[in-house]
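Listed below, chain by chain, are the residues.
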Amino acid sequence: MTIDALLFQALNGLAAASGLFFVAAGLSLIFGVTRIINIAHGSLYMLGIYLAYTFATRVGGVLGFWGGIVAAALIVAAIGALIEILLLRRIYRAPELFQLLATFALLLVINDAALWIWGPEDLLGPRAPGLRGAVEILGRRFPSYDLFLIAMGPIVLIALQLVLTRTRFGRLVRAATQDREMVGALGVNQAVLFTSVFAVGAFLAGLGGAMQVAREPANLLMDLTVISDAFVVVVVGGMGSIPGAYLAAIIIAEIKALCIGIGVVEFGGFRVNFSKLTLVAEFIVMAVVLIVRPHGLLGRAQGAIRSVAEPEEPIRPATAALKFLGLVVLGLLICLPLFAKTSPYTLVLGTDILIAIIFATSLHFIMGPGGMHSFGHAAYFGLGAYGAALIVKFLAAPMLGAIAFAPLLALAGALLFGWFAVRLSGVYLAMLTLAFAQIVWSIVYQWEDVTGGSNGVVGIWPAAPFNTATNYYLLALAFAVLSVLLLRRMLFSPFGYAMRAGRDSPLRAEAIGIDVKRVHWVGFAVAGCICGLAGGLFAFAKGSISPETIAVGRSIDGLVMVLLGGIQTLTGPIVGAATFVMLQDTIMRQVEYWRALLGATILLLVLVFPAGIVGGIMARYAAWKSR
């Protein structure tokens with residue numbers, strides 16, 4: 001690899017950085033003002049490239065291509081404004097994580113809408129009129145359109161900086177980023193400001209997608225891929241910092257491009273394939289930056305937010321009536337095999353629900369009482385699953401021994417990752433957990449000799465007497481009951497109260513002698529350990545595992561389960577996990593566009609029960625009782 005080749009590869013990185021910067025800048029603006037973690041922002045990017053493809057192919061020519069890029073960005077901006085007016089405006093006073101749940105549901109709806117309109121095939125647009133050729137740089141041919149993309153990055157950056165620093169709208173945006181309640185107190189129409197900011201952010205996302213129409217094909221997987229990279233860029237650069245987003249986009253895109261350019265290198269007899277690092281390079285960069293600079297390269301501590309939601313009720317022990325109801329439900333679950341003789345699939349679904357309950361309750365343990373929002377909880381689920389599978393594969397361990405080993409391996413991972421994670425808070429903590437999860441996923445995906453790579457590990461079946469659906473269901477039920485009772489016992493012990501004290505008021509907790517970071521670290525480790533148990537049970541329930549076990553989607557599923565049931569109740573994650581799994585199973589098997597229906601159902605539940613299903617029912621019961 002010559003210096004010229006590396007420099008040429010760096011130019012490719014700059015071209016990729018521009019599109020990434022556009023979507024990250026829009027995401028940063030929206031989060032800075034509205035404080036919404038907009039998972040659906042990647043969907044707006046995806047819509048931009050699909051719309052640009054439609055204009056370029058249906059209209060054709062210069063007008064269809066260049067005019068189509070502008071038209072696509074404007075249409076996406078209008079869609080973003082409608083989303084803010086019709087949906088997000090109704091839930092601004094809900095907790096931030098419920099807003100995240102609503103935007104995730106919106107992502108599902110938009111994804112199926114794109115599938116219905118454009119179909120499942122990848123769609124590559126035509127070459128750009130006027131920029132179809134290439135120029136010679138460093139002895140190689142470089143596409144003219146990529147040079148155009150490189151130039152557009154600084155142009156958009158300068159334009160955004162001028163708008164934010166030289167206009168009244170920009171001053172209002174910067175003021176709202178620091179203290180949006182004070183902006184409202186000064187008489188600024190917050191509704192108009194929020195809608196305008198959301199439209200601008202959507203325009204940037206749509207523009208970023210539309211400008212890639214001649215560079216990469218449009219596909220239905222772009223939404224989650226792009227939003228993951230965009231969040232990394234925003235966090236590395238610093239929340240709310242547009243120059244920081246541009247700097248981070250360049251750093252990450254250049255590192256990935258150079259890894260491809262370097263390829264395979266030998267060090268003293270060891271071969272290192274740098275190309276494989278592109279799967280996880282951005283997450284390694286994010287983890288390092290967050291550990292060294294918790295607020296990003298050019299970011300500052302987030303402004304205070306007051307009176308966004310109603311004060312949260314403390315978690316209380318179950319009443320006698322609720323305990324009796326729990327015993328009734330447990331009795332029904334024990335008797336389920338008697339009613340499922342004619343439908344064996346009922347026990348398979350029941351086992352899936354019980355595993356999901358363990359997963360969701362372990363995540364709730366750190367999210368609710370601990371106040372630690374994790375976007376990478378699937379890492380411990382995957383460590384448990386692979387730990388159980390590999391110890392059976394290589395050491396021929398018995399099934400129960402493998403299931404016992406699963407939470408231990410997950411505990412080790414949670415202790416390591418948690419030591420760094422608990423030193424952060426808010427979205428920075430969440431993104432660091434996501435980075436660690438992606439690093440684990442990358443290791444599992446690429447360590448083919450041990451983990452099987454993309455093929456995973458197969459043939460991991462339960463041993464007698466648990467090799468029947470009934471017995472394995474009862475085993476999963478026993479572990480689920482023990483896990484829930486253990487977590488509940490810890491929450492109402494002095495340790496649990498100390499963890500909640502560290503969540504509600506870290507300064508006061510430290511003042512009375514509580515080591516908040518250590519308490520949260522232990523809580524993080526306990527949650528990872530229990531989650532590993534769920535992973536071990538999952539491996540034997542399915543008979544095989546693959547890297548999808550640790551993918552981002554599973555972490556998002558866990559968040560949805562917890563938020564759907566209610567984060568401020570102990571029964572919330574149980575009800576949320578059962579509801580989500582049953583909804584997903586029923587809708588997937590019976591409806592073609594199941595994502596849209598599932599997303600619409602979640603949106604309806606969010607609007608009707610903004611505190612989650614259990615929280616909403618309890619609030620309505622309390623209101624009825626007071627009347």
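The structure displayed is predicted, hence computed values, not measured ones.

Participant: Help me understand empty space enclosed by the protein in this model?
Facilitator: Sizing a probe to match a water molecule and rolling it over the atoms shows the empty space that remains. Within this structure, the stated rule accounts for 1 cavity of 30 Å³ or more. One number sums up the size of the largest cavity: a volume of about 30 Å³. Lining the largest cavity, in full, are F98, L101, L563, L564, L605, V606, F609, G612 and I613. Broken down by secondary-structure element, the contributors of at least two residues to the lining of the largest cavity are helix 4 (96-118), helix 21 (552-565) and helix 23 (594-608). Class assignment of the residues belonging to the lining of the largest cavity gives a composition of 8 nonpolar, 1 polar and no charged.

Participant: Would you explain the environment of P129 in this entry?
Facilitator: Secondary-structure assignment places P129 in the loop between helix 4 and strand 1 (134-137). Sequence separation of P129 and G208 is 79 residues, and the distance between their C-alpha atoms is 18 Å. The residues contacting P129, other than those within four sequence positions of it, are G61, V62, F65 and W66.

Participant: Sorry, what's going on with the packing of aromatic side chains here?
Facilitator: The description of two aromatic rings rests on the distance between their centres and on the angle between their planes. Evaluation of the coordinates by the stated rule reveals 16 aromatic pairs. Ring centres of F21 and Y246 lie 5.1 Å apart, and the angle between their planes is 80°; this geometry places the pair in the edge-to-face category. Residue F21 is located in helix 1 (residues 3-34), and its partner Y246 is located in helix 9 (residues 242-262); the two are separated by 225 residues in the primary sequence. What makes F21 buried here is its relative accessible area of 0%. We classify Y246 as buried; its relative accessible area is 16%. The interplanar angle of 10° and the centroid separation of 4.6 Å between the aromatic rings of F417 and F436 together place this pair among those described as stacked. Of the two residues, F417 is situated in helix 14 (residues 399-421) and F436 in helix 15 (residues 426-446); the sequence distance between them amounts to 19 residues.

Participant: Explain the nonpolar core here, please?
Facilitator: Counting 208 residues, the largest nonpolar core has F21, L193, M286, F365, Y380, M431 and I602 as its most contacted members. The leading source of residues in this core is helix 12 (residues 344-367), at 14 residues. There are two domains that each give this core at least three residues, and those are domain 1 (3-292) and domain 2 (353-625). If sequence neighbours within four positions are ignored, Y380 has contacts with A410, G413, A414, F417, F524, G528, C531 and G532. Counting residues in each nonpolar core, the second largest holds 5 residues, with F8, L11, A15 and I150 among its members.

Participant: In this structure, what is going on with the domain arrangement of the protein? I would like to understand it.
Facilitator: The accessible area lost on association of the parts is a frequent measure of interface size. Split by domain assignment, the protein resolves into domain 1 (3-292) and domain 2 (353-625). Between domain 1 and domain 2, the C-alpha centre-to-centre distance is 30 Å. Taken together, the contact pairs 34 residues of domain 1 with 39 residues of domain 2. Of the roughly 3300 Å² buried between domain 1 and domain 2 on both sides combined, carbon and sulfur atoms contribute 84%. Per-residue buried area on domain 1 facing domain 2 is highest for L97, F98 and L101; these three make up 20% of the total on that side. Here domain 1 and domain 2 share 1 salt bridge between them. Between R595 and D112 there is a salt bridge, with the nearest N and O atoms lying 3.9 Å from each other. Our count for the domain 1 to domain 2 interface comes out at 3 residue pairs in polar contact (both at pLDDT 80 or more). Secondary-structure elements contributing two or more residues to the side of domain 1 that touches domain 2 are helix 4, helix 8 (222-237) and helix 10 (281-292). Considering each element in turn, the side of domain 1 that touches domain 2 owes the most residues, 13 residues, to helix 4. For the side of domain 1 that touches domain 2, the per-class residue count stands at 29 nonpolar, 2 polar and 3 charged.

Participant: Looking at this structure, I do not really get a nonpolar patch on the surface. What am I missing?
Facilitator: There is a patch of nonpolar side chains on the surface, built from L322, F324, L325, V328, V329 and L332 and spanning about 550 Å² of accessible area. Relative to the helices and strands, L325 resides in helix 11 (residues 320-339).

Participant: Teacher, can you tell me more about the pattern of salt bridges here?
Facilitator: Oppositely charged side chains are able to pair whenever their charged atoms sit close together. Tallied over the entire structure, the rule returns 7 salt bridges. Between R215 and D146 there is a salt bridge, with its nearest N and O atoms 3.1 Å apart. With R215 in the loop between helix 7 (190-210) and helix 8 and D146 in helix 5 (residues 144-166), this pair connects stretches of sequence that are 69 residues apart. Overall, D146 belongs to the buried group, its relative accessible area being 8%.

Basis of the calculations
Residues numbered from 1 in each chain as written. Predicted model: local features only at pLDDT ≥ 70, side-chain atom pairs only at ≥ 80, totals over all residues. Heavy atoms only, no water. 1 Å grid on protein atoms, 1.4 Å probe; cavity = no way out; pocket = protein on both sides within 12 Å on 5 of 7 lines; lining within 4 Å. Points joined across faces, edges and corners; volume = space filled by probe spheres on them. Helix = DSSP H or I, 4+ residues; strand = E, 2+ residues; numbered from the N terminus. Nonpolar A, V, L, I, M, F, W, Y, C, P; charged D, E, K, R; others polar. Contact = heavy atoms within 4.5 Å. Phe/Tyr/Trp six-rings, centres within 6.5 Å; stacked < 30°, edge-to-face > 60°. Buried < 20%, exposed > 50% of the residue type's maximum accessible area, 1.4 Å probe, protein only. Core = buried A, V, L, I, M, F, W, Y, C linked by side-chain atoms within 4.5 Å. Domains from an automatic or database assignment. Buried area = accessible area lost by both parts, 1.4 Å probe. Salt bridge = Lys/Arg side-chain N within 4 Å of Asp/Glu carboxyl O. Polar contact = N/O pair within 3.5 Å; in protein donor to acceptor, adjacent residues only side chain to side chain. Patch = residues over 30% accessible without salt bridge, like charges linked within 9 Å, V, L, I, M, F, W, Y side chains within 5 Å. Areas by Shrake-Rupley, 256 points an atom, 1.4 Å probe, with all protein chains shown as cover.

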